[in-house]
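# Fold and geometry: a report
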2 protein chains.
Amino acid sequence: MNARPDPDQATPAFAAHDHRACEARALDEAEGRLARQGGRMTPVRRRTLEILLESHRAMGAYEVLDRLAAEGFGRQPPVAYRALDFLVEHGLAHRLQRLNAFAACLHPGQDHAPAFLICRACDTLAELPAPPVHAALSDLAAETGFAVERATIEAVGLCPACAGAPA
Amino acid sequence: MNARPDPDQATPAFAAHDHRACEARALDEAEGRLARQGGRMTPVRRRTLEILLESHRAMGAYEVLDRLAAEGFGRQPPVAYRALDFLVEHGLAHRLQRLNAFAACLHPGQDHAPAFLICRACDTLAELPAPPVHAALSDLAAETGFAVERATIEAVGLCPACAGAPA
DNA sequence: GATTGACTTGTTATCATGTAACATGAAAGG
DNA sequence: CCTTTCATGTTACATGATAACAAGTCAATC
C-alpha cells in the first residue's frame, strides 16, 4: 500500500525526477542487455533510443524519423521503422498498438467496461464485460494519481475452436 | 462460476449460436436505442451496421468501404468513416484502438506485464507494471476458453499534474 | 590481407489508414 | 414555402507502414 516505492524501480513518469539520470540508466541497461543478447547498438539505433528517452511520451515513427533526418541519418520511413522495430524486439521500447478496425457492439445498453479477445488464427473477436479488469486497472492507476477516463483492453491469443484444432 | 450463463446475455462469439437471431437482435436493439437517443438510422448506417454484424470480426474501415461501394454507396473513405463514427458515438459499435506510436521502455529486464497511462492533456505516458490487471483479464478470458498470449492495456485520462492545474 | 557472408543502412516506390474542406441534397419545423 | 439542420458525396491531402532492391560495413576465416 505504499504509493511511492523505490523511485528507481517504479519510475512514475509523472513525479518530478532527475530525468538525466533516468535517461542514462536506461541507456546503460540497454547496452548491457544488447551485449548479453548479441544485438548490435549502432549509431541510428542508439540515437533513436535516446530520442525516445528524451520525453515520457509516445512518439510517432515519423516524428522520430524527422529527428533522425535532421541529424544526418536517412530520411526514408524504413530508417525509423527498422530502428524502432529493433528496439522493440530487444525489449528496449514498446509499441503502443491499435487495431484500427471496427466491430459491431454486441452489448449495447449494458454499462460498458469491455475487454476484447482476438483470435490470431481465425480473427474472431469476442467482446467481454470486464468490470473487474477495469477496476484493477483504475486502482493501480490511482496509486500514481492518474485518473482513468477510458481504457482499452485487448488480448490476442487463441479461441477455444482454434486451440482445439490447430490448422 | 458458470462458464455458460444465458447465451442471450453473454454471447461468447466463439460458441455455436443462431447467428441470424444474434444479428437481428442487435439490429433491433440498435433501432430502439437510436429512437430513444434521437439518432437517425439511414441506409448507409444501417448497411454498415449489418456488415459489421455479419461476422464476429473486427473490420478495417476500407474493408467496410469496399462493401458499401459495391452496393452503390459512395466509394470515398469519409463515407465509411462517418458511418462507423456515428455507430461508435451511439454505442452501436466499438473502435478497437491502438496508438501506433513508440515509447522507450523504462523497465527492461523486469518480467513484462505493463499497462500504459496516457495523459490526454500533456501526452505524458507512464508505463506501469500491471500483473494484477493481466491476471484479472486472463482469468476472465479463461472462463470463455480463450487463451491469452499477449494483451494490450491502455488507459487515457489525466495525470496528477494536469488534473491539478487544468489549462 | 583478401574473400566471404551476415548484417546494416540507404533508396525508390507503393500501399493502407485517416481527415479536412467544401458542395450538394434531403428532412424537420416554423 | 423557406430556413435550418443534418447527411451524403466529392477532391485532395496527411499520416502510417512495408516491399524490394542496391550499396556499405564488419568480423571471421582462409
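Relevant structure appears above.
Heads up: these notes are all about the structure in this document. Being a predicted model, the structure only gives us computed values, none of them experimental. Residue positions are given per chain, counting from 1 as you read along its sequence in written order. Following the order in which they are written, the chains are lettered starting with A and the ligands numbered starting with 1. Per-residue local features are limited, in this predicted model, to residues with pLDDT of at least 70; the limit for side-chain atom pairs, both in listing and counting, is 80 or more; totals at the level of whole chains, interfaces and linings are taken over all residues. For the side-chain quantities, the full set of heavy atoms in the structure was used; hydrogens and water were omitted.

### Considering the protein's contact with DNA strand D
Taken together, 15 residues are adjacent to DNA strand D, and Y62 and Y81 of chain A together with T42, V44 and R82 of chain B come closest. One heavy atom within 4 Å of a molecule or strand makes the whole residue count as near it. Those atoms of DNA strand D that come within 4 Å of the protein belong to sugar or phosphate at a rate of 52%. Definition of a polar contact: a pair of N or O atoms within 3.5 Å, with one able to donate and the other able to accept a hydrogen when the atoms are protein atoms, and with sequence-neighbouring residues admitted only if both atoms are side-chain atoms. Between DNA strand D and the protein, one listed contact pairs a base nitrogen with a side-chain N or O atom of Y62 of chain A at 2.5 Å. One of the side-chain N or O atoms of R82 of chain B is found 2.2 Å from a base nitrogen in DNA strand D.

### So, helix α6 (residues 131–143) of chain B
Taking 1.5 Å per residue, 13 residues should reach 18 Å; α6 of chain B reaches 18 Å between its end C-alpha atoms and fits that length. Of the residues making up α6 of chain B, those classed as buried are V133, H134, A136, L137, L140 and A141 of chain B. Within α6 of chain B, the buried residues cover an arc of 160 degrees as seen down the axis, which keeps them to one side. The inward-facing, buried residues of α6 of chain B contact β3 (114–119), β4 (125–129), α6 (131–143) and β5 (147–158) of chain A together with β3 (114–119) and β5 (147–158) of chain B. Secondary structure elements are defined from DSSP: runs of H or I of at least 4 residues count as helices, runs of E of at least 2 residues count as strands, and each element is numbered from the N terminus. Positive phi shows up at G145 of chain B, right after α6 of chain B, with a value of about 90 degrees. Expected span of a helix, by definition, is 1.5 Å for each gap between consecutive residues, and there is one gap fewer than residues. Only protein chains enter the accessibility calculation, which uses a 1.4 Å probe; a residue is then buried when its area is under 20% of its type maximum, exposed when over 50%, and partly exposed in between. Here the arc refers to the directions that run from the helix axis out to each C-beta atom. Between two residues, a contact is recorded if the distance between any of their heavy atoms is within 4.5 Å.

### Quick look at the environment of A163 of chain B
Along the polypeptide, A163 of chain B turns up in helix α7 (residues 160–164). Taking the C-alpha atoms as reference points, A163 of chain B and A121 of chain B, 42 residues apart in sequence, are found 8.9 Å from one another.

### Here we look at the environment of A161 of chain B
On the secondary structure map, A161 of chain B appears in helix α7. C-alpha separation for the pair A161 of chain B and C119 of chain B, spaced 42 residues apart in sequence, amounts to 9.6 Å.

### Here we look at the pattern of salt bridges
Pairs can form between side chains of opposite charge whenever their charged atoms are close. We define a salt bridge as a contact between a side-chain nitrogen of Lys or Arg and a carboxyl oxygen of Asp or Glu at a distance within 4 Å. All chains considered together, the criterion is met by 12 salt bridges over all chains. Linking E50 of chain B and R47 of chain B is a salt bridge whose minimum nitrogen-to-oxygen distance equals 2.7 Å. You can see E50 of chain B and its partner R47 of chain B sitting in helix α3 (residues 43–54), three residues apart, about one turn around the helix. Residue E50 of chain B is classed as buried on the basis of its relative accessible area, which comes to 18%. For R47 of chain B, a relative accessible area of 19% gives the class buried. A single salt-bridge network, built from bridges that share partners, covers E31, R46, R47, E50, E54, R67 and E71 of chain A.

### Regarding the packing of aromatic side chains
All names here are of chain A. Ring geometry is summarised as follows: Phe, Tyr and Trp rings, the Trp one being its six-membered ring, pair when their centres sit within 6.5 Å, and such pairs are stacked at plane angles under 30 degrees, edge-to-face over 60 and tilted between the two. A full pass over the atoms with the stated rule returns two aromatic pairs over all chains. Seen in terms of ring centroids, Y62 and Y81 are 6.2 Å apart; in terms of plane orientation they differ by 75 degrees. Their pairing is edge-to-face. You can see Y62 sitting in helix α4 (residues 61–70) and its partner Y81 sitting in helix α5 (residues 77–89), a full 19 residues away along the chain. Overall, Y62 belongs to the partly exposed group, its relative accessible area being 48%. Using a relative accessible area of 29% as the deciding quantity, one classes Y81 as partly exposed. One residue, R45, lies across the ring of F86, its end atom 3.7 Å from the ring centre. To sit over a ring, a charge needs its Lys NZ or Arg CZ within 6 Å of the ring centre and within 35 degrees of the ring normal.

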